[in-house]
Amino acid sequence: MVDLEKAPPGRSPEGEPVPRADGEGCLVVAVRLPVRIVALVLVLPVRMAWDALVVAGRFLRDTVLRPVGRALAWLGRALFVWPLVGLWRYVVVPVAKGVGWLGNVLLVVPAVWVYRWVLTPVGRALAWCCAGVVAVLAALGRGLYAGLAWLARYLVVVPAGWLYAWVLTPIGHLLAWCGRGLARCGRGVLWCLGKVVTGIGAVLYWTLRILLVLPALAVWRWVLVPVGRALAVVGRELLDALGHAWRIAGHLSRAVGRALAALFRWTVAEPARWVYRSVLTPVGHAVRDTVLRPLAEAARAAGRAGRQVLRSARLSVRQARADLRRTLFGEPERTPSVDRREPSGAKARTLGSSTTALTKD
């Protein structure tokens, strides 16, 4: 029958243990557990100290370093950035604009005028003169070149051609024939030397192969490779043990931290919260209702009374000033105001009421 169920790792379908492909055996598996236990014992204090340092560092960062950093940043802005910005905006920029305007008026505009009305005409005149001089020199140069070319042709080129054709060519042919002979001799000598060097090289190759390469290969294959594999297995097991120990120590450290946090919460935080809710809050409410609120009401009443007294005093002073002005300068004339937007009947009623009021006065 065909077994459709998947076999567990490290077991054959018949249930027998199967050795791993990477060379791990029973000895490695038996040594792994003690190594991991020892690594856990050694790593646990380090991990707990590390977690404690991390918690302390975060608390220090959140409560001390971050507020101090913000305060230093604000102080740096207040002492350096804002004064420099104000200096740049209200001193350097206006001064630079003024200097630029002065430079434009005192230097650029006169320089442009001098360039346009003085240097440009002078430069054009000099260019025209230089062009004439260059044309004259070019004509003289062409005549001189033609004369020198004719002299060079008949004094140098023609004799050189005759010398090449009737002297150098025969000598070159003779030297080439001699060189071909010497080359044939040299090739024979080189062939002989090549055979000798090949034989010596073969002897040295086999000597070095037998004396050095084969022993080194045997040492590599039968000594260094097994030792390296054993060291690799040991190193891998140590690294795996340290990793497992670090993770287990992290879980234990987290459990210890949670236990300490729960102990702190139930011994300090919860009693403090109960005291705050059950004692301080009612006492504070009672103090607010019996002391602070009546004091606040009394203060507001005193403030209202003071404002009323000040208002009465201002009205009294204003009335006395009006009576003094009326006594010294008499009653001012009152001109009845007429609203032009009112209809004729309303205007008549307004005029009648104003006349009745004046008659009563």
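Novice: Just checking my understanding: could you explain the overall build of the protein for this structure?
Specialist: Helices and strands together make up the secondary structure of the protein, namely 2 helices and 0 strands. Looking at the protein as a whole, 4% of its 361 residues are labelled buried. Sequence-distant contacts in the protein: of pairs separated by 6 or more residues, those separated by 24 or more amount to 60%. Of the roughly 30900 Å² that the protein leaves accessible, carbon and sulfur atoms contribute 73%.

Novice: Sorry if this is basic, but what is going on with the nonpolar core here?
Specialist: Inside soluble globular proteins, nonpolar side chains tend to come together where they are buried. Ala39, Val43, Ala241, Ala245 and Ala249 together form the largest nonpolar core, which totals 5 residues. Excluding anything up to four places from it in sequence, Val43 contacts Leu242, Ala245, Trp246 and Ala249.

Novice: In this structure, what is going on with the layout of surface pockets? I would like to understand it.
Specialist: Unfilled space is identified by rolling a water-sized probe across the atoms. The space that makes up the largest pocket amounts to roughly 310 Å³. Taken together, 13 residues make up the lining of the largest pocket; nearest its centre are Asp51, Ala52, Val55, Ser253 and Gly257. A per-class count over the lining of the largest pocket returns 6 nonpolar, 3 polar and 4 charged.

Novice: What should I look at first to understand the packing of aromatic side chains in this one?
Specialist: For any pair of aromatic rings, geometry is given as the distance between the ring centres together with the angle between the planes. Applying the stated criterion across every chain yields a total of 3 aromatic pairs. Judged by centre distance (5.4 Å) and plane angle (75°), the rings of Tyr205 and Trp206 are edge-to-face.

Novice: What is the right way to read the confidence of the model for the protein from this model?
Specialist: Do not read the fine detail of predicted coordinates wherever pLDDT is low. When pLDDT is averaged across the protein, the result is 81; 83% of the residues are at 70 or more. Low pLDDT (under 50) marks residues 342-348, which in the prediction has 4 contacts with non-local residues, meaning those over four places away or in another chain.

Novice: I keep staring at the pattern of salt bridges and nothing clicks. Help me out?
Specialist: Side chains that differ in charge, positive against negative, can pair when their charged atoms come close. Applying the stated rule across the entire model yields 7 salt bridges. Taking the shortest distance from any N to any O, the salt bridge between Arg61 and Asp62 comes out at 3.2 Å. By relative accessible area, Asp62 is classed as partly exposed at 39%. For the salt bridge of Glu297 with Arg300, the shortest nitrogen-to-oxygen distance reads 2.4 Å. Taken together, the residues span about one helical turn, with Glu297 and Arg300 both in helix 1 (residues 26-329) at a distance of 3 residues. Overall, the relative accessible area of 40% leaves Glu297 in the partly exposed class. Here the residues in one salt-bridge network are Arg61, Asp62 and Arg66, joined through shared partners.

Novice: Quick question: what am I supposed to make of the side chain of Ser253 here?
Specialist: Counting through the fold element by element, Ser253 comes out in helix 1. By relative accessible area, Ser253 is classed as buried at 9%.

What counts, and where the lines are drawn
- Residues numbered from 1 in each chain as written.
- Predicted model: local features only at pLDDT ≥ 70, side-chain atom pairs only at ≥ 80, totals over all residues.
- Heavy atoms only, no water.
- Helix = DSSP H or I, 4+ residues; strand = E, 2+ residues; numbered from the N terminus.
- Buried < 20%, exposed > 50% of the residue type's maximum accessible area, 1.4 Å probe, protein only.
- Contact = heavy atoms within 4.5 Å.
- Areas by Shrake-Rupley, 256 points an atom, 1.4 Å probe, with all protein chains shown as cover.
- Core = buried A, V, L, I, M, F, W, Y, C linked by side-chain atoms within 4.5 Å.
- 1 Å grid on protein atoms, 1.4 Å probe; cavity = no way out; pocket = protein on both sides within 12 Å on 5 of 7 lines; lining within 4 Å.
- Points joined across faces, edges and corners; volume = space filled by probe spheres on them.
- Nonpolar A, V, L, I, M, F, W, Y, C, P; charged D, E, K, R; others polar.
- Phe/Tyr/Trp six-rings, centres within 6.5 Å; stacked < 30°, edge-to-face > 60°.
- pLDDT = per-residue confidence, 0-100.
- Salt bridge = Lys/Arg side-chain N within 4 Å of Asp/Glu carboxyl O.

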